[in-house]
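Here is what each chain is made of, one letter per residue.
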Amino acid sequence: MILKKLILNNYKTYYGHQELNLDIPPQVRSDKNKNIILIGGLNGAGKTTILKAVHYALFGKRGISEMEYKRIFSNVINNHFFDEGGRECYISLIVENDNLEEWELKVKWIFDHNKKVVHENREIAIRKPGSSVGKRSAVNNIDTFNRFIDRKIPYHVAPFFIFDGEEIKEIILRQNSEELKIAIQKLSGLETYKTLLDDLKETKFYLDKKLMNSIGSSKTTNYTQELNRVSIELVELNQKLKAVNQRKIGLEEEIKELKKIRAEKIQLNSKSRESILKKLTACEVNLSQAQKEFNDKFNEQAYIHLLTQPIQELKGRITLEEKERERLHSINSSYSPYKEFLIKLFDGDISPQLTESQRIQLLKNGEEIWNSKADELNREKITIIHDLNKHQFNILKNITIKPLSDLKGIHQRISQLQFDINQFEEEIRNAPESVDIEDENTKIDNLTKMLGEVELRARSFKNKTTALREDKTKYENLLTRSTSNDSNTEDLRAQIEQVNSTIIFLNQYVAEVTKLKAVFIHNEFKLMLSELIRKQDEFGRIEFDVNTYTIRLFNDRNQEISVHDRSAGEMQIISSALIWALTKSSKFSLPMLIDTPLGRLDSYHRNHLINKYYKELSDQVIILSTDTEITKDYIDSITQNSFRQYVLEYNDKLKYTLIRDGYFDLKR
Amino acid sequence: MSGKRMVLSAYGKQILDNFAAYLSMSRPQVLKLAFARGFTSDYDTHPIGTLTEKGWEIPDVFSEEDLLLFKHLIINKCKKDIDSSELSQEMLKSIESGLLMFEKLYNERNSLDDLKMLLLS
C-alpha cells in the first residue's frame, strides 16, 4: 500500500483546499530508486497535523479517548475560514492498495456558529484499477468500517508506519504488551493463518452439524443430542478450567512475590544483631568445648607423642625379649624328661661305682647330645634386660600412640572458631535490628492453602474433562458407525476428514512459519542495529525472543543489558531497527510516515539513518522534518532518493499554512 | 617403684612452676612432658651440671604405668638393667633437660606460635 494523496480542506492550520501529492510511481521507485517524500516545516507549521490527519482518516477514533477527541477535534476547522463564515472542513486520504485498487477515505466535520462540532461524517470511495469513478458510500457503521480497514492495514500495526520519531522508543518500552505482539503477528502475516484456522474450524462445525442433520434415525438423534450435550459441557468445563488455571497462576505469582519479599527480609535478618549474637554464642560454646577437648587430649597424649620413637623401639625390644624368654622356657621344659632319666639311671647299681667327676662328665656330654637336637640353641642369644612380668609386658605393649593430626585438627578448629568470634564481634557492632517475617509467613501459608484448594479443583475439572472427551469420542464413533451406510453422509465425512487434515497441516505450518519469521526478524534486526548503532562493541549479542516477541541485548561478556537503560537516542535507533525487521518480514507493503525522525539524534546516527535506513526501509517513506534537522549535508544525501519535496509555510499575518513545492531555503 | 627420691634443682622448679602456669597444667603433667622432651633429646648438650642448687623433692606423682614406661625406656636406652638409684638419676636428668628446653622454646617463640603446639614440634 502507498499513500497517494492527502487533501486538507480548511482543516486546522491549512486554509482552503490544499493537496499533498504523495504518489511515487512504481517505475520511479524501482528504476530511479526514489522512495522518499520530504516535507519540511517549522514548529507549528502543521507537520504533526499531517501525521494525525492520515492516522485519523485510516483509524478514526480508535485509541483516542473522548476527552482527547474533544481536545483535538473541536478545533479542526481553520480559524480564518471560520471567521469568513465557513462551517465545514474535511480531510481526504487516497491510498492505493497492493492490488492497485484506490480507496478514498474522507472525513468531514460540520460546525455550528459556536465553532462546536455538530456532525462528523465519514465516506469511503473505492475505485477499481484503471477506473476514474469509484463507488462512494457513507460509513454508517464505524465498526464495519474498522473491520474493513483492518483487513488491509491493521490498527495495531499503525505505530510501525505512522509515528513520531521521538515517540518511537515507545515501541521498545511497550515490548511486553499484548497489542504489540498482536501487531507483530499481524504485520508478519501470521494473523492471516489464524483467521484461516478460525474459518476452517467454522467449516468443520458446519459440516458436523450438516452431518448430524442428515442422520435421521432416533438412535442417531439420541447420539447427536448426547454429543451436543457433551460438547456444551466440555466447553463450559474448559472455561472453568481456564479460569481455575488463571487463578492458580495468579496465586503462584502472589506466593512467589511474597517469598521474594520474605527472602529479602530473611537476608536482612541473617545480618541482624540478634542472629549474629546467636551465632556468636554458639561459636563460643563450641570454642570452650574444643578447648576442653584439646586440653584433655594434650594432657593425656602430649608426652606419649614426644616419646613415640623410643616407645616403638621399646615395644620392639620387649617383644623380642618375650620371645626369647618363651624359647628358653621351652628348652628348659624339654630338658626335664632327660634329667629325670639320668637321675634314675645313676640311682641304679653300677659296678664299679662312678666317681662324681665321671657323673658330671656324663651329664654334660649327654646334655650336649640332647641339646644338639634342638636347632634353637644354635641361634644368637639375646640378653634379657627388661625384667617384666606378663602384666607389665602387656601394659607396655598396649600403649597406644594416637596420630598427632588428631590434636592438630582440634587446634585448627579452635583457631577457626576464634577467628569467627572476632568476625561476629565486628559484625554485631554494625548489625541492624532483626526484622519480623511473621506477616509474610501467615500470608504465604494462607495463599498456599488456597493454592492447594485451587489445584484440587483444577484436578477435578481435568478429570471431568477427560471423561467428557472420552464420551464425546464415544458418541462421535457411535454416530459414525450408525450412519456409515448413507452415501450423502459419506461425502460429508470425507469433507470433514479433509478439513481436519487441513487444520492439522495448517497448525504445523503456522508453527514452522512462526519460527522462521522470528529467525528472519531476529537476523534483520541484528543486521540493521549493527549498521546503525555507534557503540558497536557494547552489544555482544542481540536477540529477538521468538516466544515473547521481545528484544534482548547482551554485552560482550554475555550479561543482559536492560533496553530501558539505554539513552533516548539509542532506544530510537533500536526501535528503528525493530521496525526495519518487521517491515522486511511483513506481508504488507507499508508506507512510512515519520515525524521529526532525527530531532534527538547525533550526527553519527542521523547519517546512518539517512544513508543506510530510509533509502531501503519501504517503497514510500514520508519524512516530516524541521529546519534544524535539514542541513545541507542532509539534503545532499537525501536528494538522490527523494521524489517530491514540500515546504509547509506558515503565514504569520494570515495565520495559516500553505503547502509549497521545494526544499527549505538554506540560508546557513 | 620410683626408687630413690628425685630432687629437682631450684631453677628447674622455677621453670616447672612457670610452665604449669603458662600451660594451665598440673605439675605432674608438666613433669611427664619435660621427661619426654628431655629423654628424646641429647641432654648432654644442655648444661644440667649448672643446676646444682637443690630445690624441690619430687613427690610420688607418677602413676605406676608411667613409671614402668619411663623405667623401661631408660633401660632400653642404656641397653642394660639398672638399679633404682641410677633410674632416679636418669629420670631427673631427662626432666631437668626437658625443662631447660621448654624455657628455651618459650623464650624463642614468636607471637604467632601456640606454646602447646610448639612443645609438641
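Notes on the structure follow. Source: prediction; values computed, not measured. (Residues numbered from 1 in each chain as written. Chains lettered and ligands numbered in written order. Predicted model: local features only at pLDDT ≥ 70, side-chain atom pairs only at ≥ 80, totals over all residues. Heavy atoms only, no water.)

Topic: the overall build of chain B
1) Next: Helix and strand content of chain B: 5 helices and 2 strands.
2) Next: Going residue by residue from the N terminus, the α and β elements of chain B occur as β-α-α-β-α-α-α. (Helix = DSSP H or I, 4+ residues; strand = E, 2+ residues; numbered from the N terminus.)

Here we look at the side chain of Glu322 of chain A
1) Next: Position of Glu322 of chain A relative to the elements: it lies in helix 11 (residues 308–347).
2) Next: Of note is the side chain of Glu322 of chain A, whose polar atom sits 3.2 Å from the side chain of Lys390 of chain A. (Polar contact = N/O pair within 3.5 Å; in protein donor to acceptor, adjacent residues only side chain to side chain.)

Some points on the nonpolar core
1) Next: In this structure, Ile39, Trp109, Phe161 and Tyr614 of chain A are the most contacted members of the largest nonpolar core, which totals 103 residues.
2) Next: Sequence-distant contacts of Phe161 of chain A, that is, excluding residues within four places in its chain, are made with Met1, Leu58, Phe59, Ile153, Leu590, Pro591, Met592 and Leu593 of chain A.
3) Next: Counting 65 residues, the second-largest nonpolar core is a separate cluster that includes Phe298 and Tyr303 of chain A together with Leu31 and Ile82 of chain B. (Core = buried A, V, L, I, M, F, W, Y, C linked by side-chain atoms within 4.5 Å. Buried < 20%, exposed > 50% of the residue type's maximum accessible area, 1.4 Å probe, protein only. Contact = heavy atoms within 4.5 Å.)

Thoughts on the sheet that holds strand 11 (residues 560–561) of chain A
All names here are of chain A.
1) Next: What the 3 strands build is an open sheet, ordered 9-10-11; its pairing is antiparallel. Every other strand in the sheet has two partners, leaving strand 9 (541–545) and strand 11 as the edge strands with one partner each.
2) Next: Pairing between strand 9 and strand 10 (residues 550–554): 5 bridges, direction antiparallel. The residue of strand 10 that forms the bridge with Glu543 is Arg552. (Pairing = 2+ DSSP bridges.)

Details of the layout of surface pockets
All names here are of chain A.
1) Next: In this structure, the largest pocket occupies an estimated 850 Å³ of space.
2) Next: For the lining of the largest pocket, the elements supplying multiple residues, two or more each, are helix 2 (47–59), helix 3 (66–73), strand 8 (162–164), helix 6 (170–173) and helix 7 (178–187).
3) Next: If one sorts the elements of the lining of the largest pocket by residue count, helix 2 sits on top with 5 residues.
4) Next: Split into classes, the residues belonging to the lining of the largest pocket amount to 15 nonpolar, 4 polar and 9 charged. (1 Å grid on protein atoms, 1.4 Å probe; cavity = no way out; pocket = protein on both sides within 12 Å on 5 of 7 lines; lining within 4 Å. Points joined across faces, edges and corners; volume = space filled by probe spheres on them. Nonpolar A, V, L, I, M, F, W, Y, C, P; charged D, E, K, R; others polar.)

A short note on the interface of chain B and chain A
1) Next: With 26 residues of chain B at the interface, the matching set in chain A holds 27 residues.
2) Next: Summing both partners gives a buried area of about 2400 Å² for chain B against chain A, and 76% of it is carried by carbon and sulfur.
3) Next: For the pair chain B and chain A, the interface holds 0 salt bridges.
4) Next: Summed over the shared surface of chain B and chain A, the result is 5 residue pairs in polar contact (both at pLDDT 80 or more).
5) Next: Elements that contribute at least two residues to the side of chain B that touches chain A include exactly helix 2 (27–39), helix 3 (64–78) and helix 5 (115–120) of chain B.
6) Next: For the side of chain B that touches chain A, the class distribution of residues is 13 nonpolar, 4 polar and 9 charged. (Buried area = accessible area lost by both parts, 1.4 Å probe. Salt bridge = Lys/Arg side-chain N within 4 Å of Asp/Glu carboxyl O.)

Side note on helix 19 (residues 632–639) of chain A
1) Next: Residues Tyr634, Ile635, Ser637 and Ile638 of chain A constitute the buried set of helix 19 of chain A.
2) Next: In this fold, the buried residues of helix 19 of chain A make contact with strand 3 (36–41), helix 18 (603–617), strand 13 (621–625) and strand 14 (642–651) of chain A.

Points about a negative patch on the surface
1) Next: Together, Glu252, Glu253, Glu257 and Glu264 of chain A make up a negatively charged patch on the protein surface.
2) Next: Its location among the elements puts Glu257 of chain A in helix 9 (residues 218–269). (Patch = residues over 30% accessible without salt bridge, like charges linked within 9 Å, V, L, I, M, F, W, Y side chains within 5 Å. Areas by Shrake-Rupley, 256 points an atom, 1.4 Å probe, with all protein chains shown as cover. Lys, Arg positive; Asp, Glu negative; His and termini not counted. Charge placed at Lys NZ, Arg CZ, Asp CG, Glu CD.)

Brief notes about the pairing of strand 6 (residues 117–127) of chain A
Residues and elements named next belong to chain A.
1) Next: Of the pairings in the sheet, the one linking strand 5 (residues 102–111) to strand 6 comprises 10 bridges and is antiparallel in character. Across the sheet, the residue bridging to Glu104 is Ala125, located in strand 6.
2) Next: Between the end of strand 5 and the start of strand 6, which pair antiparallel, lie 5 residues, with Lys115 showing a positive phi angle near 65 degrees.
3) Next: One ladder, built from 4 bridges, connects strand 6 with strand 7 (residues 135–138); its direction is antiparallel. For Ile126, the partnering residue across the bridge sits in strand 7 and is Lys135.

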